[in-house]
Amino acid sequence: TFTAMPVTPTVQFVIDKSGSMRSDFGATTRYDAIRQALVGPTGVVTQYQAQVYFGATTYHQDGSNTCPRLASAGTGRALDNLTAIQTLLQSNPNSQSGTPTGPSVESAYQDMVANPPPAGSPPIRPSMAERRAEAVKRFGSAGGGIRHER
């Protein structure tokens, strides 16, 4: 006999906060589209915060000796993490910053390895939240924009 058991997934968003995110994306900017897709009134974090361990990290390169420049929401991935992620995404990208995507994704991955999800919580690591915003604009949902990695 098979008995289905509920699973609480862990999702870590790695979000580009470089100058290119100030570019137009329809009637808004790329960054605002991501912000709305994640923490807006119908955003994925807003809707599922009680059912998913959400975490978010933004990245950019600002000319300092630190590359990439990372910022994370609150104390990491957690249930009911909406307020911390909203706070992280509150400020707009700096127009003069670069896009160190590879090192940023690697850093987020290493953090996931060092701080694994709770037991029984499968990790879902979208490599770029921008994909969700594009999927929402194109298809009305994010199904094609989030990739499950094992």
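Residues numbered from 1 in each chain as written. Predicted model: local features only at pLDDT ≥ 70, side-chain atom pairs only at ≥ 80, totals over all residues. Heavy atoms only, no water.

Here the focus is the overall build of the protein chain. Secondary structure assignment for the protein chain yields 5 helices and 6 strands. Along the protein chain, from the amino end to the carboxyl end, the secondary structure elements read β-β-β-α-α-β-β-α-α-β-α. (Helix = DSSP H or I, 4+ residues; strand = E, 2+ residues; numbered from the N terminus.)

Inspection of every chain in the model, using the stated rule, returns 1 aromatic pair. Considering the side-chain rings of Phe-13 and Phe-54, the 5.8 Å spacing of their centres and the 15° angle between planes classify their relative orientation as stacked. One end of the pair, Phe-13, is in strand 1 (residues 10-16); the other, Phe-54, is in strand 4 (residues 53-60), with 41 residues separating them in the sequence. Phe-54 shares its class with Phe-13; the two are buried. (Phe/Tyr/Trp six-rings, centres within 6.5 Å; stacked < 30°, edge-to-face > 60°. Buried < 20%, exposed > 50% of the residue type's maximum accessible area, 1.4 Å probe, protein only.)

Turning our eyes to something else, we now look at the confidence of the model for the protein chain. The predicted model of the protein chain has a mean per-residue pLDDT of 79, with 79% of residues at 70 or higher. When the elements of the protein chain are averaged for pLDDT, helix 5 (residues 130-139) gives the smallest value, 49, and helix 2 (residues 44-48) the largest, 97. Note that residues 139-150 has pLDDT below 50 and, in this model, 21 contacts with residues that lie over four places away or in other chains. (pLDDT = per-residue confidence, 0-100. Contact = heavy atoms within 4.5 Å.)

Before going further, it helps to examine the layout of surface pockets. Of the voids in this model, the largest pocket is the one considered here, and its volume is about 160 Å³. Lining the largest pocket we find 15 residues, and of these Gln-12, Thr-75, Gly-76, Arg-77 and Asp-111 sit closest to its centre. Considering each element in turn, the lining of the largest pocket owes the most residues, 4 residues, to strand 4. Of the residues belonging to the lining of the largest pocket, the class tally is 6 nonpolar, 7 polar and 2 charged. (1 Å grid on protein atoms, 1.4 Å probe; cavity = no way out; pocket = protein on both sides within 12 Å on 5 of 7 lines; lining within 4 Å. Points joined across faces, edges and corners; volume = space filled by probe spheres on them. Nonpolar A, V, L, I, M, F, W, Y, C, P; charged D, E, K, R; others polar.)

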